[in-house]
Structure formats: structure tokens, C-alpha cells
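Below are the chains, spelled out letter by letter.
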Amino acid sequence: MATIEECRSALDKLSDNMAGAEGDVRSAAALDRSLSCRITDLDITFVGRLKDGGIEVLDTVQGLPPEKAQIRLTMSGDDLVALVNGELHFAKAWGSGRVRLEAGLRDLLRLRKLL
């Protein structure tokens, strides 16, 4: 089971990857939205913002966050680490229910370029 530190490191790596992206991926990452990433097996949620082409983690809270973010991811810590390391394909994980992504329709259409 991935630790809180490994999950935070994975989010930092994802942010770095997004910031270094070009073309369609870069434009999709240019959203300015509140973001939460719930790690089910650790019962924590990373709360932050998707902005300036990266992820800014502002807080880590136990359980569910106090406010509903505009973009919400839910998965296990191991799945987060595997996704970021390229060992798990997002579409397959999402289709099988291992990863949940909730957002408004416009955001989902833009985010699909990232995924």
C-alpha cells in the first residue's frame, strides 16, 4: 500500500509532467479549477488547484474535504502511483471503476486530452 508521502510525490510528479507538456495536453492542463484527489485506502484527500499548467496541493485532509472541488479524483494510493509511473492506463482504470473522475461536462471534455 502506497504511503501518504508516496502519493504526494506522485502528485508532484504529475504536476511536473503536466507543466512540461506541449500542444493539446498543455492547453488542457491550463484550466484554473479547484481539485481534490481522494485516496480511498488511506482515507485522505489532497486538496488544491489545477492552475498554470500544474497541480498546486494546498492541504491534506482526513476523510472527505469540507468543500466539493470542481474536479474530483478518487482512487487507491497504489493506483495513483501506478498511473503517474505509466504502469496503469487511465482509460482502463476509469472504465473498470478503479479510478473515478467527476467534473463538469466542459471540464471533462478538456481533461480527456490529458488522459
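Residues numbered from 1 in each chain as written. Predicted model: local features only at pLDDT ≥ 70, side-chain atom pairs only at ≥ 80, totals over all residues. Heavy atoms only, no water.

Visitor: Sorry, what's going on with empty space enclosed by the protein here?
Guide: The probe, sized like a water molecule, is rolled over the atoms to show the empty space still left. What the rule picks out here adds up to one cavity of 30 Å³ or more. Considered as a void within the structure, the largest cavity measures approximately 40 Å³ in volume. Lining of the largest cavity is provided by Leu11, Leu35, Ser36, Cys37, Phe46, Val47, Gly48, Ile55, Glu56 and Val57. By residue class, the composition of the lining of the largest cavity is seven nonpolar, two polar and one charged. (1 Å grid on protein atoms, 1.4 Å probe; cavity = no way out; pocket = protein on both sides within 12 Å on 5 of 7 lines; lining within 4 Å. Points joined across faces, edges and corners; volume = space filled by probe spheres on them. Nonpolar A, V, L, I, M, F, W, Y, C, P; charged D, E, K, R; others polar.)

Visitor: Quick question: what am I supposed to make of the pairing of strand E3 (residues 54–62) here?
Guide: On a regular strand, each side chain points to the face opposite its neighbour's, so the side chains alternate between the two faces of the sheet. In the sheet, strand E2 (residues 44–51) pairs with E3 via eight bridges, with the strands oriented antiparallel. Within E3, the residue paired with Lys51 across the bridge is Gly54. Connecting the antiparallel pair E2 and E3 is a turn made up of two residues, with Asp52 showing a positive phi of about 55 degrees. (Pairing = 2+ DSSP bridges. Helix = DSSP H or I, 4+ residues; strand = E, 2+ residues; numbered from the N terminus.)

Visitor: Which parts of the structure should I look at to understand the pattern of salt bridges?
Guide: Two side chains with opposite charge may pair up if their charged atoms get near one another. Taken as a whole and judged by the stated rule, the model has eight salt bridges. We note a salt bridge from Arg98 to Asp79, for which the minimum N-O separation is 2.5 Å. Taken together, the residues span a long stretch of sequence, with Arg98 in the loop between helix H4 (90–95) and strand E5 (100–102) and Asp79 in helix H3 (residues 77–84) at a distance of 19 residues. Glu102 serves as the salt-bridge partner of Arg100, at 3.0 Å between the closest nitrogen and oxygen. (Salt bridge = Lys/Arg side-chain N within 4 Å of Asp/Glu carboxyl O.)

Visitor: Help me understand the nonpolar core, please; the structure alone is not making it clear to me.
Guide: A general tendency of soluble globular proteins is for nonpolar side chains to be buried together. With 29 residues, the main nonpolar core has Cys37, Ile39, Phe46, Ile71, Met75 and Leu80 as its most contacted residues. Elements with a contribution of two residues or more to this core: helix H1 (4–19), strand E1 (33–39), E2, E3, strand E4 (71–75), H3 and H4. (Core = buried A, V, L, I, M, F, W, Y, C linked by side-chain atoms within 4.5 Å. Buried < 20%, exposed > 50% of the residue type's maximum accessible area, 1.4 Å probe, protein only.)

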